[in-house]
Amino acid sequence: MSDGEIRNVISPACDDAEYVREVAQAKRALELWTMEPDFQEAFLAAPEETLAAHGLSVDALSVKVLCDHETALAYKDKPPAAWPRAALRYRGFLREKIMSRERMAREDCVPKHPAFRAWRLRQRNRCWAELGKRNESLIHVPLAFELDLGCSVGCPFCGVMAGKLQKVCRYDETAALWKGVLTITREIIGDAAGQATCYYATEPLDNPDYEKFADDFFDVFGIAPQITTAAAMRKPERTKNYLAETLRTYRRVHRFSVLSLDILHRIFETFTPEELLCVELLPQFAEAPNNRFASAGRARKNKAVRVESQEDGNTISCISGFIVNMAEKSVRLVTPCGASEACPTGEILLAKETFSDAGDFRRLLVSLIDRYMMAEFPKDQPLWLRPGISLEKTAEGIAFFRAKTLRLKFLATDDLSPALYHDVLDKLRAGGKSAYDIAGELMEETGAFPAHVLFILKKFEQAGLLLEPYETPGPSSS
Ligand code: SF4
């Protein structure tokens, strides 16, 4: 059983090769369980032999605890000391990844620009009410780069509906502009710009100069950009070298989209479990037992694609900010939403404009921030509740939710009574009244302190429950 010591294996400080080997082998066993069609049956019939046949020496009980539902339930409430060591260490590795994602959403992706910061927070909070727990996996990164126009892979499930590959941005022709753009994003957005990826509706390895672009990115931010590639096996040596190089200087989790069983087999043949410790394999082929797609983009309409749910309201978009396309010199301002007929890719496109050089890029970024992002709404601005979100008066204050998503609450305090929350909600439901209007009316009608009313309105605003000034009022919320 376990010695109970858990280490951070993604950290470069972890030099315990035996520990890493054990976690990497448990990870490989899990990948076999979730992606290799015959593995589950073979493992349950002959655990040790099946693991050995795949070159794994991790103990079979650990694999059962991690993969088999009944065994996982039996161990769920047992103390760590009772867990088999590899399972416990793998669980620690999962926790390390989850903590890292949460830190990105909560801290690392927060722009230094006050208006951008406040706008991103409102979008992130809006998504709790609109997307529910799905929002847990969205880091709302403020920036992404695309080095090409379109994508050569053409996945039938593509959640962002990437078009055909039309143009590739070559490094030698763009280096000066690229370095300028990186520096400007760092100046305006701050360190959070370093959380950007150098792909979005593109395949990073479509670009023959990806490594050079990524090197410059590292020079500016001290961070190697995260890569998700569906073309890992197009040139295996290139992928292997890039991973080895980038993980040597900066350890983080990357991803391979696995598009077929044959590609999975080739990945397993090419990379040892240790080499893939920091690479998540995403099963994206029909035979994989756990393969499901978010119903967004092409997956929404493609009947041949197995989706998590047929209903609208899903997304894979995790950007609340700018997508800078270097091939067409354009900037898009986007934020996630549930995919629908109006927004099939699960993102709201607020603006798309082009730039000609670094100076123009700076002007464009500043102008988009000025036009769309407010640190706070002006107090004389007409306020409208966001449509589609249900708000309910409760004995403690106000609850709000969208059907089948999380239910969130504003709780009254000694100073701010439930009745005051209810009064403010009634005024907001009337629609089109400003913060000053509401504070003035409630002072006259109930004697409420304007400061208390403005405080409650600020909470509504920060929770993303009020339409942004650039949004058009529609049918109000219930
Ligand atoms: S999912 Fe990724 S690789 Fe596949 S078409 Fe879309 S952008 Fe390209």
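Residues numbered from 1 in each chain as written. Predicted model: local features only at pLDDT ≥ 70, side-chain atom pairs only at ≥ 80, totals over all residues. Heavy atoms only, no water.

With that settled, consider the site of the ligand. The local shell around the ligand consists of Cys151, Val153, Gly154, Cys155, Cys158, Ala162, Ala201, Thr202, Ala230 and Arg298. Looking at side-chain class alone, the shell around the ligand contains 7 nonpolar, 2 polar and 1 charged residues. (Near = heavy atom within 4 Å. Nonpolar A, V, L, I, M, F, W, Y, C, P; charged D, E, K, R; others polar.)

Glancing now at the pairing of strand 10 (residues 390-393). Of the pairings in the sheet, the one linking strand 10 to strand 11 (residues 397-401) comprises 4 bridges and is antiparallel in character. For serine 390, the partnering residue across the bridge sits in strand 11 and is phenylalanine 401. Between the end of strand 10 and the start of strand 11, which pair antiparallel, lie 3 residues. (Pairing = 2+ DSSP bridges. Helix = DSSP H or I, 4+ residues; strand = E, 2+ residues; numbered from the N terminus.)

Turning next to the pattern of salt bridges. Opposite charge on two side chains lets them pair, provided their charged atoms get close. Considering all chains together, one arrives at 37 salt bridges under this definition. Across the salt bridge formed by glutamate 353 and arginine 371, the nearest N and O atoms sit 3.0 Å from each other. Taken as a pair, glutamate 353 in strand 9 (residues 347-354) and arginine 371 in helix 13 (residues 358-372) lie far apart in primary sequence, 18 residues in all. Beyond isolated ion pairs, a larger network of salt bridges with shared partners links Glu376, Lys379, Lys458 and Glu461. (Salt bridge = Lys/Arg side-chain N within 4 Å of Asp/Glu carboxyl O.)

All told, the structure shown has 18 aromatic pairs when counted by the stated rule. Look at tryptophan 178 and phenylalanine 213: their rings are 5.3 Å apart centre to centre, the planes differ by 85°, and that puts the pair in the edge-to-face class. Here phenylalanine 213 lies in helix 9 (residues 210-221) and tryptophan 178 lies in helix 8 (residues 171-189), a separation of 35 residues in the sequence. Neither tryptophan 178 nor phenylalanine 213 differs from the other in exposure class; each is buried. Here the guanidinium or amino end of arginine 91 rests over the ring plane of tryptophan 83, the centre of that ring lying 4.2 Å away. Its guanidinium or amino end placed over the ring of phenylalanine 271, lysine 240 lies 5.1 Å from that ring's centre, counting from NZ or CZ. (Phe/Tyr/Trp six-rings, centres within 6.5 Å; stacked < 30°, edge-to-face > 60°. Buried < 20%, exposed > 50% of the residue type's maximum accessible area, 1.4 Å probe, protein only. Lys NZ or Arg CZ within 6 Å of the ring centre and 35° of its normal.)

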